[in-house]
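Analysis of the macromolecular model
Residues per chain, in single letters:
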Amino acid sequence: MGHFIFVYGTLRHNERNHGLLKDSTLISQQAWTAGRLIDTGHDYPALLLDSDELVYGEIYEVDDGVLAKVDELEGYTGHPENDHYQRTERVVFSDFGEFNALLYYYPKEVENAPEVPYGDWRLKTLLDKKETPLYFAYGSCMDHERIDQAGMLDQFRTVGMGLLKNHEVRFTVHSHDGGRADIVEAHEHGVEGIVYEISEQAMDYLYEREGVYIGKYRPAVIDVEIQDQIKPMLTFIVKEKLDEIAPPDHYLNEIIRGGRPHLTESYLRKIEQRVNSLRVGE
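Computed from a predicted model, the values in this text were never measured in an experiment. (Residues numbered from 1 in each chain as written. Predicted model: local features only at pLDDT ≥ 70, side-chain atom pairs only at ≥ 80, totals over all residues. Heavy atoms only, no water.)

**Regarding the pairing of strand E9 (residues 156-175)**
Operational definition: DSSP-based pairing: two strands are paired if at least 2 bridges between them are found. Counting from the N terminus, the helices are the DSSP runs of H or I reaching at least four residues and the strands are the DSSP runs of E reaching at least two.
Pairing geometry for E9 and strand E10 (residues 178-198), over 16 bridges, is antiparallel. Residue pairing for E10: His-174 is matched across the bridge by Gly-179. In sequence, E9 turns back onto E10 through a hairpin of 2 residues.

Shown next, in the form of structure tokens:
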């Protein structure tokens, strides 16, 4: 029998216990549910169900055997007095829709435990590394003109074109003059973008520019193919996705102008065609 399971900590991709899920079916890489994620201080997080904040993770479909192994890892027996984590079924959201998924949570607060920033353990582990992470730009941040106007161009070093598989660019942010770019999960699609090495100052600039502090975009970790390698990278994803609307000319021009030195012409034409189809529908 199959079970949907939502994982948010060491079972996620590239985390140390992910091997338990290596033969299970990935449903969504960027899923979320209500709750609060805390750092236990023991190199793993815990989910608390006492908040309507958002916790990010992945959804897998697992069989009975894998579920039993995850139960063992999480210290779940079905007897609350003996359990480390408890297990329940909750609504989990994704770009593919809603799922009723099993998840493991802490039944009580942990004293003095700090919250995991942005509810994303994989983001925390990436940012805790000594070096600043690679950054994947897929929208107007590919255009160097605006970065240069901000006096930050010397804080970005172009590495080359990256490919994010099973995602698609859509214009789900509504601004006063039209849409802005987002990435959503979509099977058999791919997003081309520019990979940068960035400084700490560049990260601060991007958090401000992308509206992270006002809840517009959120920092996230994605796995990007570059130079025949898959590497985890920082990017920014829209938190509250709305129906697509066409972006203004100046924004589309920034994407095309910024992408043209590195991205394929066929991909840039697809972006233009998507925008034109949105304009026809308006």
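Having seen the model, we can carry on.
**Structural notes on the packing of aromatic side chains**
Heads up, the rule is: Put simply, two rings from Phe, Tyr or Trp (the six-membered ring, in Trp's case) pair if the centres are within 6.5 Å, and we call them stacked under 30 degrees between planes, edge-to-face over 60, tilted for the rest. Buried residues are those whose accessible area, probed at 1.4 Å on protein chains only, stays under 20% of the maximum for their type, while exposed residues exceed 50% and partly exposed ones sit between those limits.
As enumerated under the stated definition, the model contains 15 aromatic pairs in all. For the pair Tyr-135 and Tyr-196, a centre-to-centre distance of 6.0 Å together with 20 degrees between the ring planes defines the contact as stacked. Taken together, the residues span a long stretch of sequence, with Tyr-135 in strand E8 (residues 134-137) and Tyr-196 in strand E10 at a distance of 61 residues. Note on Tyr-135: relative accessible area 2%, which makes it buried. With relative accessibility at 0%, the residue Tyr-196 sits in the buried group. For the pair Tyr-207 and Tyr-213, a centre-to-centre distance of 6.1 Å together with 45 degrees between the ring planes defines the contact as tilted.

**Considering the pairing of strand E11 (residues 217-226)**
Across the 10 residues that make up E11, a large majority, 9, are buried. As paired elements, E11 and strand E12 (residues 229-238) share 10 bridges and run antiparallel to each other. Bridged to Ile-222 within E12 is Met-233. Here E11 folds back onto E12 in antiparallel fashion, the turn holding 2 residues, of which Gln-227 has a positive phi close to 50 degrees.

**Thoughts on the nonpolar core**
Heads up, the condition is: Among buried residues, those of type Ala, Val, Leu, Ile, Met, Phe, Trp, Tyr and Cys that are joined through side-chain atoms within 4.5 Å constitute a nonpolar core. Any two residues whose heavy atoms approach within 4.5 Å are treated as being in contact.
Ranked by size, the top nonpolar core spans 51 residues in total, and within it Tyr-135, Phe-136, Phe-156, Val-169, Phe-171 and Ile-198 carry the most contacts. If you tally residues by element for this core, the top one is E10, at 7 residues. Once residues lying within four places of it in the same chain are set aside, the contact partners of Phe-156 are Tyr-135, Ile-147, Tyr-196, Glu-197, Ile-198, Ala-202, Tyr-205 and Leu-206. Core analysis: the next-biggest nonpolar cluster, separate from the first, contains 33 residues, Leu-21, Ile-27, Leu-48 and Val-92 among them.

**Observations regarding helix H1 (residues 64-74)**
The test is simple: What the arc describes is the spread of directions from the helix axis to the C-beta atoms. Two N or O atoms form a polar contact when they lie within 3.5 Å of each other; inside protein one atom must be a possible hydrogen donor and the other a possible acceptor, and for residues adjacent in sequence the pair counts only when both atoms belong to side chains.
All buried positions along H1 are accounted for by Val-66, Leu-67, Val-70, Asp-71 and Glu-74. Angularly, the buried residues of H1 cover 145 degrees about the axis, an arc narrow enough to put them on a single face. In H1, those exposed residues whose orientation departs by more than 90 degrees from the buried face are Lys-69 and Glu-72. The inward-facing, buried residues of H1 abut strand E1 (3-7), strand E5 (54-62), strand E6 (86-94) and strand E7 (97-105). Sitting at the head of H1, Asp-63 places a side-chain oxygen 3.1 Å from the backbone nitrogen of Gly-65.

**Quick word on the pattern of salt bridges**
Pairing between side chains of opposite charge can happen when their charged atoms approach one another. What counts here: Salt bridge criterion: a side-chain nitrogen from Lys or Arg within 4 Å of a carboxyl oxygen from Asp or Glu.
On inspection of all chains with the given rule, the structure shows 23 salt bridges. As a salt-bridge pair, Lys-124 and Asp-39 come within 3.6 Å of each other at their nearest N and O atoms. Residue Lys-124 is found in helix H2 (residues 121-127), and its partner Asp-39 is found in strand E3 (residues 36-39); the two are separated by 85 residues along the sequence. In this structure Lys-124 comes out as buried when scored by relative accessible area, which is 18%. Asp-39 sits in the buried class, given a relative accessible area of 15%. Put simply, Asp-143 and Arg-257 hold a salt bridge, and the shortest N to O gap is 2.6 Å. Pair noted here: Asp-143 is in the loop between E8 and helix H3 (144-149) and Arg-257 is in helix H5 (residues 249-259), with a separation of 114 residues, a long-range link. Asp-143 gets classed as buried once you look at its relative accessible area, which sits at 3%. Overall, the relative accessible area of 41% leaves Arg-257 in the partly exposed class. Beyond isolated ion pairs, a larger network of salt bridges with shared partners links Arg-12, Glu-58, Asp-120 and Arg-218.

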